Every structure is written in C-alpha cells, then in structure tokens.
Amino acid sequence: MPSNVIMPQMGESIFEGTITKWLKKVGESVKRDEPLFEISTDKVDSEIPAPASGILSEIRFQEGETVQINTVVATISEEAGTGISAMPEDRPNADTQVKSTASSPVQEKMPDRSARFSPLVRRIARNEGVALTQLEGTGIGGRITKKDILAHLEERQKVAEVTRPIVQQATRMADEVQKLHADRIQVVPMTAMRKSIAEHMIVSQRTSAHATTVFEVDMSRITNIKSQYAQEFMAREGAKLTYMPFFIKVTAQALKEFPVVNASIVDMNVHYKRDINIGVAVALDWGLIVPVIKNADEKSFLGISKASARLAERARQKRLAPEDVQDGTFTITNPGVFGSLLGAPIINQPQVAILCIGVISKRPIVIHDAIAIRSMAFLTLTFDHRLIDGAIADKFMSNIKTRLENWEEPLF
C-alpha cells in the first residue's frame, strides 16, 4: 500500500514550509528514515526522512514551492513502476490540499482532533485554506468553534494588512534605488526563512506589550568554576564546558518558582505550562534557529550540557527533527558570544518572555566601598506586560542573579 509523505510541522507557530531540495528522484528507491527532501521555515532548515521504504512514485510539489503543513507532498510505493509521475496533471489546488490534509492517514489516526471540527468550521477552513490542527478551541473539550476560526481569519487579515504595505514600500524603494544606481547595487530576494522570520517578528510586536528590565550579574564564581573544571570536563565528557548550561539551569529553576513567566496568553486566557521547555537561539549563516531542551527543570547540569550541545550541532548540520523545535515555553538568546553588551530581543510567540545574555567581561565595580575587578554580565529580560508586571519580572531576574552569584550545583 502506498505511503504518503507529509509536510511536517516544524514549530508551534509554523503553518507552512518551503521545499528547498529533493534528495531523491521519482523512480528511485528509498529506505525508511533516509533523508528524502530538505525544507526551510523561519525556525529551522531541516532534512525530512522518508516515512517508509519503497519507490518514490510521485512528487507533488517542486523545489522552491511553499506547502501548508500536513499536506501530502509525495508518495512512496511498495514496488517500482506503480503510478509513477513527477507531477500529476490533477495537481491539488489550495482547496483540495486542505481536503487531503483532513483525510490523510496522519489525520485519521487522530479522531479526537477531528471531532473538534463541526461541518461549518470545516467548510470555512476549506474555503479559506486554514489548517484546523493549528487552532486552539475555546469550546467544550477544546472544540474549535465558528468564533475561533473567524477570530483566526481576522488576525491573519490584520497581519497581512500590516506586512503588505511594508513589503510594497520596500519593493518600491528597492526599484527606485536600483534604477538610480543599477551598477552599484546587488538585489537578492529574501529567503523563505528570512521572510518567515520577518512576519513572525512583526506579529510578535503587534501581539505583545513588550517591556524590558536589565540586571547586572557578578559572574566571577561561575567563571572560576568553569576555569577550574574545564580540563576535567573535556576529559570525562569529550566536550567543552560552556557558560550556557549554567544559564539554562538557573533559568529552569526560576521558571519553576515563577510559573507566570512560563505561561502564554490565548484569547485573553492564561495558559500555565507544566512543562519547562527552554529554547536556546542558535545563530547560523543562513538564519536563526531555536532548538528546545524539553523538561529542562528535570535535568542535571550535565544532562542540560549534553542536550544543548547535541541540539546546537544538529542545527548546524540541518539535522533537527520537528520535535526538536516544538513546544518551547521560554527562550534564551546569547548575543554576548559576539561581544554584545546587552539587548532587548523580541518575544518568541506564543511565549511571554525571553532572556538575553550579554558578554561576560572583567569590569571595575565597587564592593564594600572598594574598587574591585570582577567578571560581569548584563542580563536582559523582555516580557509581555499584558501578563507580567515589572515587580514579577524583577523578582524573576533577581532569582536568576542570586543563583548565578551563589552557584552550588554539582557539574557531574
């Protein structure tokens, strides 16, 4: 029986992906879990593995095309020579894509999800090209109501209205400049990842009431511990001892004490997350990716160190799986590695806060009325003022500051 290849979801707020490269051609044999094609979204560039072994009998979307999640993009047959075609004549349009999503094997395995959609809601979704699996219902048992999907369409229209004039103005300006200095300017289209990041950032600015607080932290104890155990850590674990696991560990502990910082806002309801899943931004040559360390509060320092190193390496190799970038509840970004003193990052929706780590450097400070040299760093928390008050944000940061300056956790 043929197996459908589905466009995966690569993050909570991701509804589509762009196929950048097919690694197999129609008629070629594939093995289960063998890389089949590459996709690009605003959160990750990744190789997608084949769901089954067999012959790639059909490719429905070509390189460069953007496809809605849960859409069938290809078919793998059990035997060669069965209905092989590079591009079917009856290629599905936007309406039939949604229909195939609802009737695909992936959806049929989830009757509890499909039961949340009434016929009216399904019809609206089909006509408007909405992936119902990405909506949170406010009805009984999480059922998606007409009000929910209409609210989603209204928000989508608002985003389109905001981004359209910006894109149009940028295009006009680029055209005018190009006409004046055609021989001095190179015009390069934005990548699919860059476009998605731009849209995501604009939506976040419009959604959250961004506020920022800055704390200065004495990192001398951490730097001394890092220096003392660097060689032993490398010998025992075969990896560098970095600062990031220290920040992830104390942040996870602080989130446990301040659950409102680990929450989200959905239709003016506060969703408190029991899981503490910390995303760590990884800067790549082609964009920014945020792999997620799941249940960070339950991991030891060593467990966090291994998880963060593994995810960062997989991100650089384009080997992240969909689950590696999903379900984040809080984000840490570290521009300090590039020398940045401090920053005020944009919140990663639907989260309500993001921690920014500045460069760790030696500076003169006053201790007991005397000038001393200490390894210092500025930590910045950008938070959603709709939910988090300044007092809570400062208490949260004070908790992190105290834990770092009085570190007592074992490394092994």
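Not measured: the values here are computed from a predicted model.

Caption draft 1: Examining the nonpolar core more closely. F37, V73, F396 and L404 are the most contacted members of the largest nonpolar core, which has 77 residues in total. With 8 residues, helix α8 (residues 244-257) is the largest single contributor of residues to this core. Once residues within four sequence positions are removed from consideration, F37 is found in contact with V5, M7, I19, K21, W22, L23, S46, E47, I48 and V73. Grouped together as the second largest cluster of nonpolar side chains are 9 residues, A125, V130, L135 and I149 included.

Caption draft 2: Representation of the pattern of salt bridges in the model. Taken as a whole, this structure holds 16 salt bridges when the rule is applied. Residue R60 pairs with E58 through a salt bridge whose shortest N-O separation is 3.4 Å. Between R386 and D384 there is a salt bridge, with its nearest N and O atoms 2.8 Å apart.

Caption draft 3: How the structure looks around the sheet that holds strand β5 (residues 45-49). Reading across the sheet, the 4 strands line up as β5-β4-β2-β7 and stay open at both edges, with antiparallel pairing between neighbours. Here the strands that pair on one side only, and so sit at the sheet edges, are β5 and β7 (66-68). On average, adjacent strands in this sheet sit at an angle of 40 degrees to one another, irrespective of strand direction. In this structure, strand β2 (residues 16-22) lies alongside strand β4 (residues 35-40), joined through 4 bridges in antiparallel fashion.

Caption draft 4: Spotlight on the sheet that holds strand β3 (residues 29-30). If you walk across this open sheet you meet the 4 strands as β1-β8-β6-β3, and the pairing is antiparallel. Both outer strands of the open sheet, β1 (3-6) and β3, are each paired with one neighbouring strand and no more. Note: strand β6 (residues 54-59) against strand β8 (residues 72-77), 4 bridges, orientation antiparallel. Within β8, the position partnered with I59 by the bridge is A74.

Caption draft 5: Layout of unusual backbone geometry. Residues Q349 and P350 are joined by a peptide bond in cis, for which omega reads 5 degrees. Relative to the assigned elements, P350 resides in the loop between β16 (330-333) and β17 (353-357). Although it is not a glycine, N70 sits at a positive phi angle of roughly 70 degrees. Along the chain, N70 falls in the loop between β7 and β8. For N70, a relative accessible area of 12% gives the class buried. Even without being glycine, K318 reaches a positive phi, approximately 60 degrees.

Caption draft 6: Structural context of a nonpolar patch on the surface. A cluster of nonpolar residues, V214, L341 and L342, forms a patch on the protein surface that exposes about 250 Å² of accessible area. On the secondary structure map, V214 appears in strand β9 (residues 210-218). By relative accessible area, which is 41% here, V214 ends up partly exposed.

Caption draft 7: Structural detail: the environment of N334. Of note, N334 is situated in the loop between β16 and β17. Judged by its relative accessible area of 21%, N334 is partly exposed. Along the primary structure N334 and G358 are separated by 24 residues, whereas in three dimensions their C-alpha atoms are 6.6 Å apart. Sequence-distant contacts of N334, defined by excluding residues within four places in its chain, comprise M244 and I357.

Caption draft 8: Local environment of the packing of α8 against helix α9 (residues 301-316). Contact geometry of α8 with α9 gives a least axis separation of 9 Å together with a crossing angle of 120 degrees. With respect to α9, the axis of α8 lies oblique. Where α8 crosses over α9, the handedness of that crossing is right-handed. Residue-level inspection shows P245, F246, I248 and K249 of α8 in contact with α9, the latter providing F301, I304, S305 and S308.

Caption draft 9: Geometry of helix α6 (residues 192-207). Compared with the 22 Å implied by 1.5 Å per residue over 16 residues, the 22 Å span of α6 between its first and last C-alpha is a close match. Residues M193, I197, H200 and S204 constitute the buried set of α6. Along the long axis of α6, the arc covered by the buried residues comes to 65 degrees, so they all point the same way. The inward-facing, buried residues of α6 abut β4, β5, β9 and β14 (287-289).

Caption draft 10: View of the packing of aromatic side chains. What the rule picks out here adds up to 8 aromatic pairs. Taken together, a centroid distance of 4.7 Å and an interplanar angle of 55 degrees make the contact between F246 and F301 tilted. In this pair, F246 is assigned in helix α8 and F301 in helix α9, connecting sequence segments 55 residues apart. Summarising the burial analysis for this pair, F246 and F301 share the class buried. With a centroid separation of 6.1 Å and an interplanar angle of 90 degrees, the aromatic rings of F258 and F396 are classed as edge-to-face. Of this pair, F258 sits in the loop between α8 and β10 (263-266) while F396 sits in helix α10 (residues 390-405), placing them 138 residues apart in sequence. A single burial state applies to F258 and to F396, both of which are buried. Among the aromatic residues, those joined into a cluster by ring pairs are Y229, F233 and F412.

Rules behind the numbers
Residues numbered from 1 in each chain as written. Predicted model: local features only at pLDDT ≥ 70, side-chain atom pairs only at ≥ 80, totals over all residues. Heavy atoms only, no water. Core = buried A, V, L, I, M, F, W, Y, C linked by side-chain atoms within 4.5 Å. Buried < 20%, exposed > 50% of the residue type's maximum accessible area, 1.4 Å probe, protein only. Helix = DSSP H or I, 4+ residues; strand = E, 2+ residues; numbered from the N terminus. Contact = heavy atoms within 4.5 Å. Salt bridge = Lys/Arg side-chain N within 4 Å of Asp/Glu carboxyl O. Pairing = 2+ DSSP bridges. Axes fitted to C-alpha atoms, helices over the stretch in contact; angles between N-to-C directions. Patch = residues over 30% accessible without salt bridge, like charges linked within 9 Å, V, L, I, M, F, W, Y side chains within 5 Å. Areas by Shrake-Rupley, 256 points an atom, 1.4 Å probe, with all protein chains shown as cover. Parallel < 35°, antiparallel > 145°, perpendicular 65-115°, else oblique. Left-handed = near helix turned anticlockwise from the far one by under 90°. Expected span 1.5 Å × (residues − 1). Arc of directions from axis to C-beta. Phe/Tyr/Trp six-rings, centres within 6.5 Å; stacked < 30°, edge-to-face > 60°.

These values are about where atoms sit, not about what they do.
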